[in-house]
Amino acid sequence: RSDFRSHPRSLKFFLKELHEICELLEAPLIERSYRDGYGSHMLHHFVQLLPNIKDHAELPPAGENLPRKGWLVLTTLLTLAQVPWEFKYNSLLHKVCNCRTLFPGSDGCAAPFLGERMGTGTGWGGAAVTLPKALTSTQRAALEAKVHMLHRSERHFPIRLVELSNSLRARILDFAAQVPSFVEDFLAIPELTLPPSRVSSGRQLWERFTLQVMSEVSVLDRSYALFERLYLSVISKLIGDAVEPILGMTGPSGTLVHAPLDPFREVQTAVICQRLGLMKRQVHFGGPHHLVHFDPDLLVKAHRVVQMGTYAEVCSLAERLLEKFKALCRVLVDIKVEHIRPELRDNPELRTAVVELEAVWAECQFLLQQDSLDFVRQLLDFLRASSISDSLKWMLRLALEGQARGEVSEEEQKQARTTLFDTLPTLVYLDEVRDDIALESQGKSLGTCCRFRELFCPKDDRHHTLRRDFAKFDDQRYSKFRAFLLGDNSVLADENLDSASERGQLKYFGMLHKQLREIAAFPPDDPQVVLRVATALDDDFVDSGCQADVVVREAKRKRLANEARARWVCVQRIAQAVEPQLFPCERPDVAGAKLQQIFHRTRRKSAVSNSFGAQRRRS
């Protein structure tokens, strides 16, 4: 029946009866030994990509091997339904090759699925494609970049797959069209109970009938076997490649779980981290982070932190990292091959394990460094010793807690983030520069007084320019500039700003502040967004060898800036967790703080006036 979609079981009965007739006639059908080794579970996974025919495929139960005889309903459906052969697994698009359309004049395939090589030539970048020779260097570079991007996102089925499918479809329809004539010829054969004169004629008709049927069945069977052999190998590789990232980690994971004293434990850990990163390049499991680099040294640092001890909050973070990594290994060991879904993010246990590991890995990669832990201590000392108001410290807490405080307005939230990412970094940097200048003037070693600059700032010559400018500041000018950074212009307002020197100084402070922000401050944003941006997969930074050097350098600069900003957020979280009492939980009394500032300003003015009067009396 041509309307198999309306009567799906008719195709099953047709193939079943055809097989029985072939057995009755002892037709020499091709043995389906090529089906050995193909489990039915892969076809069950494959038909999930075909919603129009998945309910009519009539597959053997999952876990069983395919039969060595007969015709599969799925094979016939694939041809009759004219499946487009375009599927997507784990962000990788699989489709029939169209490279000769994309690259006119080229030979071969840029992203071969089965590794077949069409045409001659050395190809490029591991792809079996030969670009035309009559190209300029610019045209060749553009085409090579296009080939590389195609190879990263697509895999191409051989064109022969569609050709064999179309050929089989034509054979099936042609055979089905001849069935009525076969029935007429069969009914025209006389019975053996007739007189002997007609029996001889009947046998000739029978032999002619069987010969014609077997000839047509033989042609159909040959075309069927060619298509089925190819598409089974395609599906096997399609499903196998999809689940290979998991299978490649089960062995090393089993060693870590069941053999904790294995001498090659570090090697097994490195293999898991490497393959986990490769899997994450293709699969996004839906968490807030999208890490693609898992450095096994981070696990070594976590072990060291737990053994040696540091801040309790950091030790707890390191323990969570080790536990989540072990949990992922246990999931990889317990998972059954036939139960793995090729779309890897659809495996709930695996998805949960990876997302939870990413959440703690994203923070640990910025914190579990000796320089970062030392800077936490430096930051806390700075906040204790400096004259930073409680209002500013409350803003720091508010910036990290975010929407947890429902009574906070959007304007206050914006101001808090500016304090976290702009005001505090510039103050810390300024303090480091001041200490650096003081130590050098005393002839002492600089030591590690510039941790902020090493951890969070770009490496360029602007540091030397700023340091040279600040080296000219005396204590009074430094205090004025620091007050200017905090938004307190009272120091300058108390003076006579009508003079050209004072107006010039204010303008100079503004210019210096701009330079300071460019090198020390971060763009304000939601701290959660900052971490997500720093741990997102940046396609621009993946150097294919085709991008211009300026593009690669800019992508690297952007990545380092995002990582520095994320490290700043992580350090702030630990600092507030270590000494929560240093950061007010409630909004300080702003009115009282302003009255206190006015009181100190009035006392300063009185002291200046009394000193001036005493000088006049002495004179």
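Residues numbered from 1 in each chain as written. Predicted model: local features only at pLDDT ≥ 70, side-chain atom pairs only at ≥ 80, totals over all residues. Heavy atoms only, no water.

## Structural notes on the overall build of the protein chain
Next, step 1: Each helix and strand counted, the protein chain has 22 helices and five strands in total.
Next, step 2: Burial statistics for the protein chain: of 619 residues in total, 42% are counted as buried.
Next, step 3: Entry remark: accessible area of the protein chain is about 33,400 Å², with carbon and sulfur atoms responsible for 52%. (Helix = DSSP H or I, 4+ residues; strand = E, 2+ residues; numbered from the N terminus. Buried < 20%, exposed > 50% of the residue type's maximum accessible area, 1.4 Å probe, protein only. Areas by Shrake-Rupley, 256 points an atom, 1.4 Å probe, with all protein chains shown as cover.)

## Overview of the pairing of strand β2 (residues 92-96)
Next, step 1: Burial within β2 is extensive, with four of its five residues counted as buried.
Next, step 2: Bridge count between strand β1 (residues 87-89) and β2: three bridges; the pairing is antiparallel. Directly across from K88, in β2, lies its bridge partner L93.
Next, step 3: If you look at the hairpin formed by β1 and β2, you'll find two residues sitting between the two strands, and N90 has a positive phi there, around 50°.
Next, step 4: Of the strand pairs in this sheet, β2 and strand β5 (residues 154-157) are connected by four bridges, and their pairing is parallel. Among the inter-strand pairings, V96 is bridged to a residue of β5, identified as F157. (Pairing = 2+ DSSP bridges.)

## So, the confidence of the model for the protein chain
Next, step 1: Mean pLDDT over the protein chain: 82, with 83% of residues reaching 70 or higher.
Next, step 2: Predicted confidence in the protein chain is weakest over helix α22 (residues 590-618), with a mean pLDDT of 41, and strongest over helix α10 (residues 312-334), with 95.
Next, step 3: In this model residues 116-127 is a low-confidence stretch, pLDDT under 50, and it forms 26 contacts with partners more than four residues away in sequence or in other chains.
Next, step 4: Confidence drops under a pLDDT of 50 for residues 540-545, and excluding neighbours within four residues, the segment shows 10 contacts in the predicted structure. (pLDDT = per-residue confidence, 0-100. Contact = heavy atoms within 4.5 Å.)

## A closer look at helix α11 (residues 348-367)
Next, step 1: Between the first and last C-alpha of α11 there are 29 Å, a value that for 20 residues agrees with the 28 Å anticipated at 1.5 Å per step.
Next, step 2: For α11, the complete set of buried residues consists of L350, A353, V354, L357, E358, V360, W361, A362, E363, C364, F366 and L367. (Expected span 1.5 Å × (residues − 1).)

## Some details on the pattern of salt bridges
Next, step 1: Within the structure shown, the criterion is met by 22 salt bridges.
Next, step 2: Between R345 and E343 there is a salt bridge; the shortest N-O distance is 3.2 Å.
Next, step 3: Among the residues examined, E343 registers a relative accessible area of 12% and is labelled buried.
Next, step 4: Here D436 ties to R467 by a salt bridge, and the two come within 3.1 Å at their closest N and O atoms. Here R467 lies in helix α16 (residues 462-470) and D436 lies in helix α14 (residues 410-441), a separation of 31 residues in the sequence. Comparing D436 with R467, the two get one shared label, buried.
Next, step 5: Each of E31, D36 and R68 takes part in one network of salt bridges that share partners. (Salt bridge = Lys/Arg side-chain N within 4 Å of Asp/Glu carboxyl O.)

## A look at the packing of α14 against α16
Next, step 1: As a packed pair, α14 and α16 sit with axes 10 Å apart at the nearest point and diverge in direction by 70°. For the element pair α14 / α16, the angle class is roughly perpendicular. When you trace α14 past α16, the crossing you get is right-handed. Of α16, the residues touching α14 (which contributes Y429, L430, V433, R434, D436, I437 and E440) are H463, L466, R467 and F470.
Next, step 2: When its residues are assigned to classes, the contact of α14 with α16 shows six nonpolar, one polar and four charged. (Axes fitted to C-alpha atoms, helices over the stretch in contact; angles between N-to-C directions. Parallel < 35°, antiparallel > 145°, perpendicular 65-115°, else oblique. Left-handed = near helix turned anticlockwise from the far one by under 90°. Nonpolar A, V, L, I, M, F, W, Y, C, P; charged D, E, K, R; others polar.)

## Details of empty space enclosed by the protein
Next, step 1: The tally for this structure, following the rule as stated, stands at three cavities of 30 Å³ or more.
Next, step 2: Roughly 70 Å³ of internal volume is contained in the largest cavity.
Next, step 3: Lining of the largest cavity is provided by F14, L15, L18, W71, T76, L168, I172, F175, L220 and Y224.
Next, step 4: Mapped onto the lining of the largest cavity, the elements with two or more residues apiece are α1 (8-24), α6 (159-187) and α7 (196-258). (1 Å grid on protein atoms, 1.4 Å probe; cavity = no way out; pocket = protein on both sides within 12 Å on 5 of 7 lines; lining within 4 Å. Points joined across faces, edges and corners; volume = space filled by probe spheres on them.)

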